[in-house]
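A closer look at the structure
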There are 2 protein chains.
Amino acid sequence: MGVSKQYTKLLDTFCLFLKQKGKRFTPEREALLLAVFSLKGHFSPEDLIKQLHKQDNTMSVVTMYRNLPIFVEANILERTCLSSKHTRYEMIWAKEHHDHLICTDCGTITEFNYEAIEILQEALAAQYCFNIERHHLELLGTCHTCQQRV
Amino acid sequence: MGVSKQYTKLLDTFCLFLKQKGKRFTPEREALLLAVFSLKGHFSPEDLIKQLHKQDNTMSVVTMYRNLPIFVEANILERTCLSSKHTRYEMIWAKEHHDHLICTDCGTITEFNYEAIEILQEALAAQYCFNIERHHLELLGTCHTCQQRV
DNA sequence: GTTCATGCAAAAGGTTTGCAGTCAT
DNA sequence: ATGACTGCAAACCTTTTGCATGAAC
């Protein structure tokens with residue numbers, strides 16, 4: 001089971017993080033970690049609640065909200081924006097940086113990594129003496145599939 | 001007065017838009033337009049409320065919220081995200097497209113336009129048969145000034 | 001005069017907080 | 001045993017909606 005091996009690694013990382021921060025490993029946090037791992041890509045708090053229900057978990061929504069920042073702090077999740085007015089998170093653990101193509105018709109999110117753009121970003125930042133820590137690039141439009149439709 | 005000349009032009013555009021859409025030119029909409037014009041750059045609904053107070057305007061917050069989408073429809077404002085969890089708007093009327101350098105220390109937003117990046121974006125989109133309608137690029141980090149500070 | 005816009009109050013939705021009890025360490 | 005975590009309920013903040021009044025065309 002390759003996947004569960006990866007999960008074990010994530011679990012280890014998470015437990016270590018908690019220990020280092022003097023935080024505790026609770027059943028709720030374990031369930032959250034599994035839910036996050038299952039969702040993988042991008043999700044809203046609401047998606048996470050649904051996933052928890054699928055796992056027959058009865059944790060309170062409050063607990064989920066209280067723990068999301070901890071996952072961000074542990075570099076497992078990132079709070080992303082994605083041109084939506086609603087909060088979204090994305091799993092970044094063991095993932096390379098990437099940006100997003102977002103179809104405004106069907107909502108599909110395609111990830112890409114285009115080194116040349118990043119190089120130009122650095123060049124631009126240098127002009128402004130700006131030190132880039134991170135960036136978000138979203139290309140919005142219509143995907144191949146949706147262009148077919150009239 | 002160069003500025004007020006520009007405002008007159010904006011006012012004309014806005015009135016024309018309203019007429020075309022069968023909407024009405026009310027004192028509230030006029031006050032909103034002035035507030036938006038005064039704020040120019042990026043602002044939150046809250047900033048807009050403050051600006052209206054400065055103008056001694058007593059319009060209800062509800063009216064402001066109801067009208068913001070109209071300004072977007074009129075291509076005067078754009079709803080932007082800017083990595084914040086709060087809603088923000090930006091005046092786009094008579095402005096060229098640009099992206100943002102955002103200082104995570106002092107919050108300063110610097111606008112830039114870098115043609116070469118846009119060209120690469122198109123090249124990338126072509127690879128995915130994706131049709132770009134718009135995009136957002138945010139570079140987050142520390143600005144020149146904040147790098148000086150220890 | 002007709003239709004659309006405004007203001008009030010109230011609802012709605014998502015998120016946060018105080019507090020008492022519970023559980024990991 | 002201690003201090004951190006959870007769940008409940010309630011608060012909170014921003015945004016939206018129903019309805020009656022008022023104003024632009």
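Our structure's up above, just so we're on the same page.
Residues numbered from 1 in each chain as written. Chains lettered and ligands numbered in written order. Predicted model: local features only at pLDDT ≥ 70, side-chain atom pairs only at ≥ 80, totals over all residues. Heavy atoms only, no water.

This part covers the packing of aromatic side chains. Here the distance between the centres and the angle between the planes together describe a pair of aromatic rings. All names here are of chain A. A full pass over the atoms with the stated rule returns six aromatic pairs over all chains. Ring centres of Phe 43 and Tyr 89 lie 6.4 Å apart, and the angle between their planes is 25°; this geometry places the pair in the stacked category. Note that Phe 43 is positioned in strand β1 (residues 42–43) and Tyr 89 in strand β3 (residues 88–91), a separation of 46 residues in sequence. Overall, the relative accessible area of 1% leaves Phe 43 in the buried class. The ring of Phe 37 carries the charged tip of Lys 40 above its face, separated from the ring centre by 4.3 Å. (Phe/Tyr/Trp six-rings, centres within 6.5 Å; stacked < 30°, edge-to-face > 60°. Helix = DSSP H or I, 4+ residues; strand = E, 2+ residues; numbered from the N terminus. Buried < 20%, exposed > 50% of the residue type's maximum accessible area, 1.4 Å probe, protein only. Lys NZ or Arg CZ within 6 Å of the ring centre and 35° of its normal.)

Turning our eyes to something else, we now look at helix α2 (residues 27–39) of chain A. All names here are of chain A. Across its 13 residues, α2 extends 18 Å between first and last C-alpha, which sits within 8% of the 18 Å expected from 1.5 Å per residue. Of the residues making up α2, those classed as buried are Arg 29, Ala 31, Leu 32, Leu 33, Ala 35, Val 36 and Phe 37. With its phi angle positive at about 55°, Lys 40 sits one or two positions after the end of α2. (Expected span 1.5 Å × (residues − 1).)

Our focus in this paragraph is the relation of the copies chain B and chain A. When chain B is fitted onto chain A, the two copies agree to an RMSD of 0.2 Å after a turn of 179° and an axial shift of 0.0 Å. Such values leave the two copies arranged in the relation of a two-fold axis. By C-alpha distance to the rotation axis, the residue of chain B lying nearest is Leu 137 of chain B, at 2.2 Å. Here 100% of the contact residues of chain B are again contact residues in chain A; the copies associate through an equivalent surface. (Least-squares fit on C-alpha atoms with pLDDT ≥ 70 in both. Contact = heavy atoms within 4.5 Å.)

A few words now on the protein's contact with DNA strand D. Around DNA strand D, the surrounding shell holds 21 residues, and the nearest of these are Arg 24, Thr 63 and Arg 66 of chain A together with Tyr 65 and Thr 87 of chain B. In this structure, a phosphate oxygen belonging to DNA strand D sits 2.4 Å away from a side-chain N or O atom of Thr 63 of chain A. Here a phosphate oxygen of DNA strand D and a side-chain polar atom of Asn 67 of chain A are 3.4 Å apart. Considering each element in turn, the surface near DNA strand D owes the most residues, four residues, to helix α4 (residues 61–73) of chain A. By residue class, the composition of the surface near DNA strand D is seven nonpolar, five polar and nine charged. (Near = heavy atom within 4 Å. Polar contact = N/O pair within 3.5 Å; in protein donor to acceptor, adjacent residues only side chain to side chain. Nonpolar A, V, L, I, M, F, W, Y, C, P; charged D, E, K, R; others polar.)

This part takes up the environment of Thr 80 of chain A. Residues and elements named next belong to chain A. Tracing the backbone through its elements, the reader meets Thr 80 in strand β2 (residues 77–80). Assessed through its relative accessible area of 7%, Thr 80 is described here as buried. C-alpha separation for the pair Thr 80 and Tyr 65, spaced 15 residues apart in sequence, amounts to 15 Å. Ignoring anything within four residues of it in the chain, the contact list for Thr 80 reads Arg 88, Tyr 89 and Glu 90.

Moving on: the protein's contact with DNA strand C. Within the structure, DNA strand C sits among 20 residues, and Tyr 65 and Thr 87 of chain A together with Arg 24, Thr 63 and Arg 66 of chain B are positioned closest to it. Near the protein, meaning within 4 Å, the atoms of DNA strand C are sugar or phosphate in a fraction of 65%, with bases accounting for the rest. At a separation of 3.2 Å, a phosphate oxygen of DNA strand C approaches a polar backbone atom of Ser 60 of chain B. A distance of 2.4 Å is found between a phosphate oxygen of DNA strand C and a side-chain nitrogen or oxygen belonging to Thr 63 of chain B.

For a regular strand, the rule is simple: side chains alternate between the two faces of the sheet. All names here are of chain B. Of all the five residues making up strand β4 (residues 99–103), five are buried; the element is thus mostly covered by neighbouring parts of the structure. Every second residue of β4 is oriented toward a common face, with Asp 99, Leu 101 and Cys 103 on one face and His 100 and Ile 102 on the other, all of them buried. Two elements, β4 and strand β5 (residues 109–112), share four bridges in a ladder whose sense is antiparallel. Each residue of the ladder has a partner; that of Asp 99, found in β5, is Phe 112. Here β4 folds back onto β5 in antiparallel fashion, the turn holding five residues, of which Gly 107 has a positive phi close to 80°. (Pairing = 2+ DSSP bridges.)

All names here are of chain A. Overall, the coordinates contain eight salt bridges over all chains when judged by the stated rule. A salt bridge links Lys 95 to Glu 111; its shortest N-O distance comes to 3.1 Å. Of this pair, Lys 95 sits in the loop between β3 and β4 (99–103) while Glu 111 sits in strand β5 (residues 109–112), and the two are 16 residues apart along the sequence. Judged by its relative accessible area of 37%, Lys 95 is partly exposed. The exposure class of Glu 111 is partly exposed, given its relative accessible area of 29%. (Salt bridge = Lys/Arg side-chain N within 4 Å of Asp/Glu carboxyl O.)

Its identity is not glycine, yet Cys 129 of chain A carries a phi of approximately 55°, on the positive side. Tracing the chain through its elements places Cys 129 of chain A in the loop between α5 (115–127) and β6 (131–142). Even without being a glycine, Ala 94 of chain B presents a positive backbone phi close to 55°. Mapped onto the elements, Ala 94 of chain B comes out in the loop between β3 (88–91) and β4.

Next up on the list: α5 of chain A. Between its first and last C-alpha atoms α5 of chain A spans 19 Å; for 13 residues at 1.5 Å apiece the expected length is 18 Å, and the two agree. Along α5 of chain A, the positions that sit buried rather than exposed are Ile 117, Glu 118, Leu 120, Gln 121, Leu 124 and Ala 125 of chain A. Buried positions in α5 of chain A, seen along its axis, are confined to an arc of 160° and lie on one side of it. Turned more than 90 degrees away from the buried face of α5 of chain A, the exposed residues are Glu 115, Ile 119, Ala 126 and Gln 127 of chain A. Contact partners of the buried residues in α5 of chain A: β4 and β6 of chain A together with β4, β5, α5 (115–127) and β6 (131–142) of chain B. A positive phi of about 55° marks Cys 129 of chain A, the residue just after α5 of chain A. (Arc of directions from axis to C-beta.)

In short, geometric facts, not functional conclusions.
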